[in-house]
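Take a look at the letters that make up each chain.
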Amino acid sequence: MKKSYLLAAVVVVACLLTGCRSFVQGSYLSDNEVISEIQKYTGKETVSIVSETDGDGRKIYRMRTSDRGLEFDLASLPVGKSGGFNFAHISPSEYFEAIQDIYRPQIEELKKDLNLSGGAIVFKNREELSYVCQKFEEMDRLYKKELEYHDAEYLKQFPADRIVISRRDNPEIKDDFSYTVSIDGTINASKLEQFLLDLYKERTGKDME
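Draft legend 1. Examining the environment of Val181 more closely. Along the chain, Val181 turns up in strand 8 (residues 177-183). Expressed as a C-alpha distance, the spacing of Val181 and Ile165, which sit 16 residues apart in the sequence, is 7.4 Å.

Draft legend 2. View of helix 6 (residues 189-204). In this model helix 6 runs 22 Å from its N-terminal to its C-terminal C-alpha over 16 residues, within 8% of the 22 Å that 1.5 Å per residue would give. Those residues of helix 6 that are buried lie in contact with helix 4 (126-143), strand 7 (161-167) and strand 8. One or two positions beyond helix 6, positive phi appears at Gly205, with a value near 80 degrees.

Draft legend 3. Region of the structure containing the nonpolar core. Phe136, Ile165 and Ile183 are the most contacted members of the largest nonpolar core, which totals 45 residues. Non-local contacts of Phe136, meaning those with residues more than four positions away in its chain, are made with Ile121, Ile163, Ile165, Val181, Ile183, Ile187 and Leu192.

Draft legend 4. Region of the structure containing the packing of helix 4 against helix 6. Look at helix 4 against helix 6: their axes get within 8 Å of each other, and the N-to-C directions meet at 135 degrees. In this view, helix 4 runs oblique relative to helix 6, as classed from their interaxial angle. Every pair of crossing elements has a handedness; the one defined by helix 4 and helix 6 is right-handed. Between helix 4, through Arg126, Leu129, Ser130, Cys133, Gln134, Phe136 and Glu137, and helix 6, the contact on the second element is made entirely by Ala189, Leu192, Glu193, Leu196 and Leu197. Split by residue class, the contact of helix 4 with helix 6 holds 7 nonpolar, 2 polar and 3 charged.

Draft legend 5. View of the packing of aromatic side chains. Enumeration over the complete set of coordinates arrives at 9 aromatic pairs. Their ring planes at 55 degrees and their centres at 6.4 Å tell us that Phe96 and Tyr154 sit as a pair that is tilted. Taken as a pair, Phe96 in helix 3 (residues 93-111) and Tyr154 in helix 5 (residues 152-157) lie far apart in primary sequence, 58 residues in all. Exposure class is identical for Phe96 and Tyr154. Each is buried. One aromatic cluster in this structure is built from Tyr41, Phe72, Tyr95, Phe96, Tyr154 and Phe158. Of note, Lys59 hangs over the ring of Tyr28, and the distance from its end group to the ring centre comes to 4.9 Å.

Conventions and cut-offs
- Residues numbered from 1 in each chain as written.
- Predicted model: local features only at pLDDT ≥ 70, side-chain atom pairs only at ≥ 80, totals over all residues.
- Heavy atoms only, no water.
- Helix = DSSP H or I, 4+ residues; strand = E, 2+ residues; numbered from the N terminus.
- Expected span 1.5 Å × (residues − 1).
- Contact = heavy atoms within 4.5 Å.
- Core = buried A, V, L, I, M, F, W, Y, C linked by side-chain atoms within 4.5 Å.
- Buried < 20%, exposed > 50% of the residue type's maximum accessible area, 1.4 Å probe, protein only.
- Axes fitted to C-alpha atoms, helices over the stretch in contact; angles between N-to-C directions.
- Parallel < 35°, antiparallel > 145°, perpendicular 65-115°, else oblique.
- Left-handed = near helix turned anticlockwise from the far one by under 90°.
- Nonpolar A, V, L, I, M, F, W, Y, C, P; charged D, E, K, R; others polar.
- Phe/Tyr/Trp six-rings, centres within 6.5 Å; stacked < 30°, edge-to-face > 60°.
- Lys NZ or Arg CZ within 6 Å of the ring centre and 35° of its normal.

This is how it looks when you write it as structure tokens:
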């Protein structure tokens, strides 16, 4: 009997710590709970449900934001079959992708002025690096418009793009330096350039010409 009481107490404490809603296997969040959960990610934008479909062990909601009319799909997953602590939840990844899609065309247009090779931006020397950094600042300036809806921490956590840059002074010679730059609302061209010059020297033991 004591063991039963102990087990019950453990379940209650675990439930309080994890915020569980239900121990019924296969149960979903309610529509109101789905909206409440996704609004944790949408910042100043409010959302509503456009439609709902069932399929493949999950519910798919078509969502729309009130301010921009931005539409995206949201997967709602039920409590799993592996046990009572596998809680119902949502998957907000398509919302993050929808935000990136707003800025991607303009960012891709700016990339056209740069030397792209194998998915990376390639530069030969310090002069070209300076130009690349200026382009990064332009891309970043575009993404800062998202501050109307989200805070700076959101932009850092979910950047508009992550772009690899590589230094290659000869097309036939392998890159001697590479780095991934995040378009996250924090870029200043001159500071980024100096950071990359310092990092280049740290990695290669020489100054970039």
